[in-house]
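A closer look at the structure
The chain contents come next:
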Amino acid sequence: MHPLDDDIAAIATAPGAAGLAVVRVSGRGAIALADAVFRGRRPLGAAGSHTLHHGRAVWPETPGAAAPMPRPAPGTPLDEVVAAVFRAPRSYTRQDVVEFSCHGGRLPADRVLSALLAAGARLAAPGEFTLRAFLGGRLDLAQAEAVADLIHAETDAARSLALAQLGGALSSRIEALAERIADAAAEVEARVDFAEDVGGIEVPVSVTAAIAGADADLAALLEGAAYARAVREGVRVPLIGRPNVGKSSLFNALVGEERAIVTPEPGTTRDRVSEAVEIAGVRVTLSDTAGLREASGPIEAIGIARAREALDHGVAVLWVVDRSEPLAVEDRAIAARLAGKPAIVALNKSDLGAAIAAGEIDALFDGAPHRVVAVSATGGAGLPALRAALAELVGADGAPGLAGAVGNPRHADALGRARTALARALAAARVSAPGEIVALELREALGAVGEVTGRAVGEDLLERIFSRFCVGK
Ligand SMILES: Nc1nc2c(ncn2[C@@H]2O[C@H](COP(=O)(O)OP(=O)(O)OP(=O)(O)O)[C@@H](O)[C@H]2O)c(=O)[nH]1
Ligand SMILES: [Mg+2]
């Protein structure tokens, strides 16, 4: 893990032509370092917290490590900047921070960063500013992860999920749960301590009720997890089916533009074409694929291999069937390949008549989850129902809302383990197992719950989480 007390600097904004670019420096020596490259009306060392200062960024006097070639002479102007001063602990990292607003574009911010590095700052690792915010106690781990989620949000729902988590909506639910479990553990432990003979304490009903209550809270917390995860990560749904059933036509209709080529000839689509649409706040990446059959040439064979791959990798599938013809052998082969994946069956070309009964499709699924929707890709009939089925597929219906929801699989995994430990604690209490065992399971549950907010996490997990961030955040 990186040291906490050195001075780190990075460009906090995305590269490219833009109005502004921000260079950030944080650490005990941040203000002195900033002063080494800043020329304004007065030095930043004399500035109060949360103040702005107009001036120039210049190449520093101090000979340092990193420098572009050729090395500019000390005092060479690099850009006109505004310096924002944040003094510890009232800053993002809880350390002294200076943010230079430079002109946008690649070079101005790049030169200011080089100047700071030359003056003695170290280039920040990805997420290192936020890591300091976490280690400084400004954010808990769930909130720090929300920062990354907010940056990567692609839909408004993903943005509000992340913002609620950053605001502590999830953390406060987790803290309340942790307190409940800790109380139950303390109660059991107190009885163990006072028990006269080893083993055999009676766990009082109030404690078993509290454990069951905590478990019910956990179950409620996890209820909307699948949907929240879909909102956070998006989902991929390939359109598959035999040739000429209207996959490309349906893909175009869902995407709302003529993205894929449509012809009356079977075998039109060879490559995989993907496009994202937003359904119930979820970024759904649809991909049109080549019709599945015995390939008639090498290009089609590659397309079919890609279609199979899309089917195997997708967590769900949109299977397009031509309803105007009886089910073909290829259809049955595709059904067999779905392997229990959540599927939506689009009975397309329903404007041409129905040669397939709904029951025939159900029989192919043999109880596996699926939805059948009659549509006409060219006529538009059934498309709203198809979108509703996709919303159901991503778990939007019946999800209890996004505030405080568990969208991060790391959190869901930890909470799942907490439930398992609580179940073991309850089972132990019911058979009057030694109190130590009940207490041990409760402590285990507490540890798992604490992983979400980072009360109990190892350094390698922190490395893994923060390395997902951008540099400068
Ligand atoms: N009447 C009618 N025709 C449709 C419908 N959907 C597609 N078609 C027609 O069916 C033919 C094949 O459509 P495509 O969308 O190219 O079918 P595909 O499944 O992508 O075919 P491949 O790429 O060859 O596998 C075209 O002539 C479409 O106009 C529909 O709902 N009703
Ligand atoms: Mg096609």
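Residues numbered from 1 in each chain as written. Chains lettered and ligands numbered in written order. Predicted model: local features only at pLDDT ≥ 70, side-chain atom pairs only at ≥ 80, totals over all residues. Heavy atoms only, no water.

**Regarding the site of ligand 1**
For clarity, the cut-off: One heavy atom suffices: a residue is near a molecule or strand as soon as one of its heavy atoms comes within 4 Å of it. As used in this structure description, the phrase polar contact means that two N or O atoms lie within 3.5 Å; if the pair is within protein, one of them must be able to donate a hydrogen and the other to accept it, and residues adjacent in sequence are counted only when both atoms belong to side chains. What sets the accessible areas is the Shrake-Rupley method with a 1.4 Å probe; for residues, cover comes only from the shown protein chains. Cavities and pockets were defined on a 1 Å grid built over protein atoms only: a cavity is a set of grid points that admits a 1.4 Å probe from which the probe cannot escape, a pocket is an open set flanked by protein on both sides within 12 Å along at least five of seven lines, and lining residues are those with an atom within 4 Å of any such point. For a cavity or pocket, the test is whether more than half of a molecule's atoms lie within 2 Å of its grid points; if they do, the molecule sits there. The way it works is that DSSP assigns letters per residue, a run of H or I at least four long becomes a helix, a run of E at least two long becomes a strand, and they are numbered from the N terminus. Here the term charged refers only to Asp, Glu, Lys and Arg, the term nonpolar to Ala, Val, Leu, Ile, Met, Phe, Trp, Tyr, Cys and Pro, and the term polar to all other amino acids, Gly among them.
Around ligand 1, a shell composed of 23 residues is seen, among which Lys 247, Ser 249, Gly 267, Thr 268 and Thr 269 lie nearest. Take Asn 244: an N or O atom from its main chain is 3.0 Å from an oxygen atom of ligand 1. Measuring from an oxygen atom of ligand 1, one finds a backbone N or O atom of Gly 267 at 2.7 Å. Burial of ligand 1 by the protein chains amounts to 89% of its free accessible area of 650 Å². The cavity that encloses ligand 1 is the second largest pocket. The biggest single contributor to the shell around ligand 1 is helix H9 (residues 247-255), with three residues. Among the residues forming the shell around ligand 1, the class breakdown is seven nonpolar, twelve polar and four charged.

**Regarding the coordination of the magnesium ion (ligand 2)**
Quick reminder of the rule: Counted as donors are N, O and S atoms no farther than 2.8 Å from the metal, or 3.2 Å for Na, K and Ca; water is not among the atoms, and sites may therefore look incomplete. Here's how the labels work: a residue is buried when its accessible area is under 20% of the maximum for its type, exposed when over 50%, partly exposed in between, all with a 1.4 Å probe on protein chains only.
Around the magnesium ion (ligand 2), the donor atoms from the protein are Ser 248 (OG) and Thr 269 (OG1), and they sit 2.0 to 2.1 Å away. Here Thr 269 lies in the loop between H9 and strand E9 (273-279) and Ser 248 lies in helix H9, a separation of 21 residues in the sequence. Each of the two residues, Ser 248 as well as Thr 269, counts as buried.

**Considering the pairing of strand E2 (residues 20-26)**
Using the following cut-off: DSSP bridges decide pairing: two strands pair if at least two such bridges lie between them.
Among the seven residues in E2, six count as buried, and that is most of the element. In this structure, strand E1 (residues 8-11) lies alongside E2, joined through four bridges in antiparallel fashion. Among the inter-strand pairings, Ile 8 is bridged to a residue of E2, identified as Ser 26. Bridge count between E2 and strand E6 (residues 97-103): seven bridges; the pairing is antiparallel. Residue pairing across strands places Arg 24 opposite Glu 99, the latter belonging to E6.

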